[in-house]
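The primary structure of each chain is shown beneath.
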Amino acid sequence: ASTAGAAPRNVLDLDIDALKESLVGEKRHVAILVIHQRLSRQLDAEALVERHAQIDAVTKTLARQWQASLHSRQGGFLTFLLGFERASQNDVLQAANFALSLRDALQAIDVSGAMSFGFALSHGEVFSPDQSVERADGPMLTLATELARAASSFAIVLGDESRGDTIYYRLEPGFALSP
């Protein structure tokens, strides 16, 4: 039988590359932004769907602008990773600018005061068993989720464990980074 052009196989007829990918994960250093959406229960179903569509449009546009990858969307939390696809020394600054831009855009959507968002930034190592952003996990993701849940309305909380202790910084509405 001719094997010309076929991928080399082993005695057990296993796809070695697929096996390696499923067994060998990868650690990556990333910046993390978690947004906790707190929408008013006073909104009717139609208004809620409209707000979610606006939120989705804004987050997708700004995620592309700031090169953020959507990690997950669960239970009112949106989680983005920056630097997962391609690490840069500016990932943390990009994440901060993404958070500030997103906060401003979401405040502009919320003319009725029916929405509240908590934002949290952290950075650290994540592990992805199959090199996909959706399966990446690590303690800093958990920290950022906890901080976003606790953040006051439209505040951005930064969690830093780079020195072994968790240090919190809070960027209240009105804070802006200057170039």
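Since the model is a prediction, treat every value here as computed from it, not as a measurement.

Participant: With reference to specific residues and values, describe the overall build of the protein.
Facilitator: Of regular secondary structure, the protein possesses four helices and six strands. N-terminal to C-terminal, the α/β element order of the protein is α-β-α-β-β-α-β-α-β-β. Per-residue burial over the protein gives 40% buried out of 179 residues. By element, 52% of the accessible surface of the protein is carried by carbon and sulfur atoms, the whole surface being about 10,600 Å².

Participant: Could you give an account of the layout of surface pockets, with specific residues and numbers?
Facilitator: Quantified by volume, the largest pocket comes out at close to 190 Å³. Lining the largest pocket are 13 residues, and of these Gln67, Leu82, Gly83, Arg86 and Asp91 lie nearest its centre. Of all the secondary-structure elements, those providing two or more residues to the lining of the largest pocket are strand E2 (68-74), strand E3 (77-82) and helix H3 (91-109). Here the residues of the lining of the largest pocket sort into five nonpolar, five polar and three charged. When its volume is computed, the second largest pocket comes out at roughly 150 Å³. Lining the second largest pocket are His71, Ser72, Gln74, Phe77, Thr79, Asp137, Leu141, Thr142 and Thr145. Only E2, E3 and helix H4 (139-150) provide two or more residues apiece to the lining of the second largest pocket. Taken together, the residues of the lining of the second largest pocket sort by class into two nonpolar, six polar and one charged.

Participant: Which residues make up unusual backbone geometry, and what values do they have?
Facilitator: Unlike most non-glycine residues, Gln67 shows phi in positive territory, near 60°. Residue placement: Gln67 occurs in the loop between helix H2 (45-65) and E2. Taking relative accessible area as the criterion, Gln67 reaches 62% and is therefore assigned exposed. Of note in this structure, Gln131 is not a glycine but carries a positive phi near 65°. The topology assignment puts Gln131 in the loop between strand E4 (115-128) and H4. Classification of Gln131 as partly exposed rests on a relative accessible area of 37%.

Participant: Any chance you could break down the nonpolar core for me, citing the residues and the numbers?
Facilitator: One finds Phe98, Leu106 and Phe119 to be the most contacted residues of the largest nonpolar core, which totals 26 residues. Of all elements in the fold, only strand E1 (26-39), H2, E3, H3 and E4 reach the threshold of two or more residues within this core. It is H3 that contributes the most residues to this core, eight residues altogether. Counting residues in hydrophobic clusters, the runner-up holds 18 residues, among them Phe77, Val133, Met140 and Leu141.

Participant: Give a description of H4 that names residues and reports values.
Facilitator: Given 3.6 residues per helical turn, the α-helix brings residues three or four places apart onto the same face. The end-to-end C-alpha separation of H4 is 17 Å, in line with the 16 Å expected for twelve residues at 1.5 Å each. Residues of H4 that are buried include every one of Met140, Leu141, Leu143, Ala144, Leu147 and Ala148, and no others. For H4, the buried positions fall inside an angular range of 160° around the axis, keeping them on one side. Exposed side chains of H4 directed beyond 90 degrees from the buried face belong to Pro139, Arg149 and Ala150.

Participant: How would you explain the pairing of strand E5 (residues 156-160) if you had to name every residue and give the values?
Facilitator: Of all five residues in E5, four are buried, a share of seventy percent or more. Sheet topology note: the E4/E5 ladder contains three bridges and is parallel. Each residue of the ladder has a partner; that of Ala120, found in E5, is Val157.

The rules behind the values
- Residues numbered from 1 in each chain as written.
- Predicted model: local features only at pLDDT ≥ 70, side-chain atom pairs only at ≥ 80, totals over all residues.
- Heavy atoms only, no water.
- Helix = DSSP H or I, 4+ residues; strand = E, 2+ residues; numbered from the N terminus.
- Buried < 20%, exposed > 50% of the residue type's maximum accessible area, 1.4 Å probe, protein only.
- Areas by Shrake-Rupley, 256 points an atom, 1.4 Å probe, with all protein chains shown as cover.
- 1 Å grid on protein atoms, 1.4 Å probe; cavity = no way out; pocket = protein on both sides within 12 Å on 5 of 7 lines; lining within 4 Å.
- Points joined across faces, edges and corners; volume = space filled by probe spheres on them.
- Nonpolar A, V, L, I, M, F, W, Y, C, P; charged D, E, K, R; others polar.
- Core = buried A, V, L, I, M, F, W, Y, C linked by side-chain atoms within 4.5 Å.
- Expected span 1.5 Å × (residues − 1).
- Arc of directions from axis to C-beta.
- Pairing = 2+ DSSP bridges.

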